[in-house]
Amino acid sequence: MDKRALIIGATGIVGGNLAQHLLACGGWKVSGLSRGRTKAPDGVESVIADLTSAKSVKDALQGQRFSHVYFSAWSRQATERENIEVNGAMVRHVLDALGPSGKLEHAALVTGLKHYLGPFEAYAQGNVPLTPFREEQGRQPVDNFYYEQEDRLFEAARRHDFGWSVHRPHTIIGFALGNAMNMGVTLAVYATLCKETGQPFVFPGSVAQWNSLTDMTDARLLARHLEWASTSPGARNEDFNVVNGDVFRWKWMWSQLAQYFGIDPAPFDGETRPLEHRMQDAKRQWADIAGRYQLKEPDIDRLVSWWHTDADLGRPMEVLTDMSKSRKAGFLDYQPTSDAFFALFDKLKRERIIPS
């Protein structure tokens, strides 16, 4: 049977890049499951269902046969207990529908470094492990929907005898619109606003993030990591960190981003200045910029996630990831993070999302 992939979240930053990668590899048929509010990427068959409804998912997948399923979507709720209930159920509903067919070979789950740091409402309140984070450091003693998703994955894999993998990227850089967590596009819009309005390009984060070593994950590298783990026997039933492979400090990277956009970085005085508190006029300003440059998206809310960028850049501790487990298992891809940013910015220009 041809490899048939079902991507949960195929229109998002992870799922969209994964769909493009699988189709480019050849030998894959790719479907995406969603509510149908956003058009599926070219070449991806759309499967419409409400992931929070077991019946809706079962009806949509009735008679369908997939060899691989990739979970790259989540639904943000008001509390972590609600996140656990809703996001755990989404995984369970899909695997309960696909598992009994006996055709499912592998299910891959994308989570992230909040596995080590804890969820947003209990961020870094537990005994945060030493950096760089390693897979064997395990779970924090706090509620975390990632753990619930993993448990539902492990349970279904045992019951239906398929392989699994868990992927923990750091902050993801990649092309996507309308995504709830997208630092790359957010920073591109912020830099454009600064350039066009004369605002200073101020680093919004903490002293710890400015000075400490850190890393990030290119969505294209993550796509390759997902395909590798789901088709390699040595990666079966394993959890993996996945980052670009380089390290940097924001005190260096901020100047690189400023140079790309032709603006001067504001001196950092050690004070955290969240974007969400400073971008009160951004919606009006962006609509004006979009009109002047004939950009595709005049609604800034479709592009930015101020809160998520603030959360990442405002962290009070070093966040750095070890990739040894993937390297030893055979995944050797590498991506300079500055080049990942620049490639994204170039594409945003080509797509007329930001001015050329």
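- Labelled according to an unreviewed UniProt entry, the chain appears under the name NAD-dependent epimerase/dehydratase, originating from Caballeronia glebae.

### Things to note about the pattern of salt bridges
- Enumeration over the complete set of coordinates arrives at 26 salt bridges.
- Glu238 is the salt-bridge partner of Lys325, the closest N and O atoms lying 2.8 Å from each other. With Lys325 in helix H13 (residues 324-329) and Glu238 in strand S10 (residues 238-242), the pair connects residues that are 87 residues apart, well separated along the chain.
- Relative accessible area serves as the criterion here: at 28%, Glu238 is assigned to the partly exposed category.
- Connected through shared salt-bridge partners, Arg139, Glu150, Asp151, Arg168, Glu238, Asp239 and Lys325 make up one network.

### So, unusual backbone geometry
- A cis amide bond links Thr131 with the next residue in sequence, Pro132, at an omega value of -5°.
- In this structure, Pro132 sits in the loop between helix H4 (114-117) and helix H5 (145-160).
- Backbone geometry at Asp161 places phi at a positive 60°, although glycine is not the residue there.
- Topologically, Asp161 is positioned in the loop between H5 and strand S6 (163-169).
- Relative accessible area serves as the criterion here: at 63%, Asp161 is assigned to the exposed category.
- At Asn237, a residue that is not glycine, the phi angle is positive and equals roughly 60°.
- Its location among the elements puts Asn237 in the loop between helix H8 (219-231) and S10.

### Comments concerning empty space enclosed by the protein
- Under the definition given, this model contains two cavities of 30 Å³ or more.
- When its residues are assigned to classes, the lining of the largest cavity shows five nonpolar, four polar and three charged.
- Counted as a void, the second largest cavity has a volume near 30 Å³.
- Lining the second largest cavity are Ile8, Phe71, Ala73, Asn87, Met90, Val91 and Gln149.
- Among the elements that line the lining of the second largest cavity, the one with the most residues is helix H3 (residues 80-98), at three residues.
- For the lining of the second largest cavity, the residue count by class is five nonpolar, two polar and no charged.

So, how was this worked out
Residues numbered from 1 in each chain as written. Predicted model: local features only at pLDDT ≥ 70, side-chain atom pairs only at ≥ 80, totals over all residues. Heavy atoms only, no water. Salt bridge = Lys/Arg side-chain N within 4 Å of Asp/Glu carboxyl O. Helix = DSSP H or I, 4+ residues; strand = E, 2+ residues; numbered from the N terminus. Buried < 20%, exposed > 50% of the residue type's maximum accessible area, 1.4 Å probe, protein only. 1 Å grid on protein atoms, 1.4 Å probe; cavity = no way out; pocket = protein on both sides within 12 Å on 5 of 7 lines; lining within 4 Å. Points joined across faces, edges and corners; volume = space filled by probe spheres on them. Nonpolar A, V, L, I, M, F, W, Y, C, P; charged D, E, K, R; others polar.

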